[in-house]
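Analysis of the macromolecular model
Letter by letter, the chains look like this.
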Amino acid sequence: MNTFVLPSTFFLTVLITIGLFFFIRASVKTRIETATWTLPQPDRQVVESVTQYLEGRAYRLKSVDRDRNQVVFAGLVGASTGLALFLSALAAVGAVCFGLVLSVQFPSVGYWGVLTVVLAPLAGWFYQKKSTRPEQVVLSVKGSDATDRTRLRITAHRDEIASLETALGFPPQEE
């Protein structure tokens, strides 16, 4: 039974290292979603409040399509320094664990496998480079002539939608 411990530990460590790699890679994935609300305000008031909110978050008006009742805002989203440090720390712990298991599985390597920890800052660098990117927020507004209700549809990053929903006090999203 003892003969299976080292190979199985090495195998599991390799799997965890692969998972860590994909976790770091997924940290820069864009997560664009669409949210829809029916609001009890007139369409002009809704557009003004959303515009004011987005301009306060450094988004700028990019285009207005009156035929489709659509407004597009653009802004540059920066990377989180805290998340970059966290990813680097995770990569460092993963590299040390991988190096230790490598040195136990293959004694001829010695503790040179632990030196893989010098690659850990690449995780933070990768995140910083890839997550700083331009983003768009697309507003589609449809007002009702009979009532003062407005149907608002926003396509943006999911964090931006959640922040907007909280800041402007929108009701829960429609499905």
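To be clear, the structure that these remarks concern was listed above.
Residues numbered from 1 in each chain as written. Predicted model: local features only at pLDDT ≥ 70, side-chain atom pairs only at ≥ 80, totals over all residues. Heavy atoms only, no water.

A tally of helices and strands in the protein yields five helices and five strands. Counting helices and strands in the order they occur from the N terminus, the protein gives α-β-α-β-β-α-α-β-β-α. In terms of overall size, the protein is more extended than a compact globule, its C-alpha atoms giving a radius of gyration of 24 Å where 175 residues would be expected to give roughly 16 Å. Here the C-alpha coordinates of the protein stretch approximately 80 × 35 × 25 Å along the principal axes. Considering only contacts in the protein between residues 6 or more positions apart, those separated by 24 or more positions represent 71%. Accessible surface for the protein amounts to roughly 11,400 Å². Of this, 62% is attributable to carbon and sulfur atoms. Separation of charge centres in the protein, based on 17 positive and 14 negative side chains, amounts to 10 Å. (Helix = DSSP H or I, 4+ residues; strand = E, 2+ residues; numbered from the N terminus. Rg over C-alpha atoms; globule rule 2.2 N^0.38 Å. Contact = heavy atoms within 4.5 Å. Areas by Shrake-Rupley, 256 points an atom, 1.4 Å probe, with all protein chains shown as cover. Lys, Arg positive; Asp, Glu negative; His and termini not counted. Charge placed at Lys NZ, Arg CZ, Asp CG, Glu CD.)

This part covers the nonpolar core. Within soluble globular proteins, side chains that are nonpolar generally end up buried alongside one another. Trp37, Val50, Val137, Leu139, Leu152 and Ile154 are the most contacted members of the largest nonpolar core, which has 19 residues in total. Of all the elements, helix H2 (residues 43–56) adds the most residues to this core, at four residues. If sequence neighbours within four positions are ignored, Val137 has contacts with Leu54, Tyr59, Val71, Val72, Phe73, Ile154, Thr155, Ala156 and Glu160. Core analysis: the next-biggest nonpolar cluster, separate from the first, contains nine residues, Leu87, Ala91, Ala123 and Tyr127 among them. (Core = buried A, V, L, I, M, F, W, Y, C linked by side-chain atoms within 4.5 Å. Buried < 20%, exposed > 50% of the residue type's maximum accessible area, 1.4 Å probe, protein only.)

As enumerated under the stated definition, the model contains three salt bridges in all. We note a salt bridge from Arg133 to Glu135, for which the minimum N-O separation is 3.2 Å. Each member of the pair Arg133 and Glu135 is classed as buried. (Salt bridge = Lys/Arg side-chain N within 4 Å of Asp/Glu carboxyl O.)

Glancing now at unusual backbone geometry. Positioned with a positive phi, Ala58 is a non-glycine residue whose angle comes to about 75°. Within the secondary structure, Ala58 is located in the loop between H2 and strand E2 (60–65). Phi is positive for Asn69, close to 55°, though the residue is something other than glycine.

Now for the packing of helix H1 (residues 5–26) against helix H3 (residues 81–105). At a closest axis distance of 10 Å, the pairing of H1 and H3 adopts a crossing angle of 160°. The angle between the axes of H1 and H3 places the two elements in the roughly antiparallel class. Considering how the two elements wind past one another, H1 and H3 form a crossing that is left-handed. Between H1, through Leu6, Pro7, Thr9, Phe10, Thr13, Val14, Thr17, Leu20, Phe23 and Ile24, and H3, the contact on the second element is made entirely by Leu87, Leu90, Ala91, Gly94, Cys97, Phe98, Val101, Leu102, Val104 and Gln105. Counted by class, the contact of H1 with H3 contains 15 nonpolar, five polar and no charged residues. (Axes fitted to C-alpha atoms, helices over the stretch in contact; angles between N-to-C directions. Parallel < 35°, antiparallel > 145°, perpendicular 65-115°, else oblique. Left-handed = near helix turned anticlockwise from the far one by under 90°. Nonpolar A, V, L, I, M, F, W, Y, C, P; charged D, E, K, R; others polar.)

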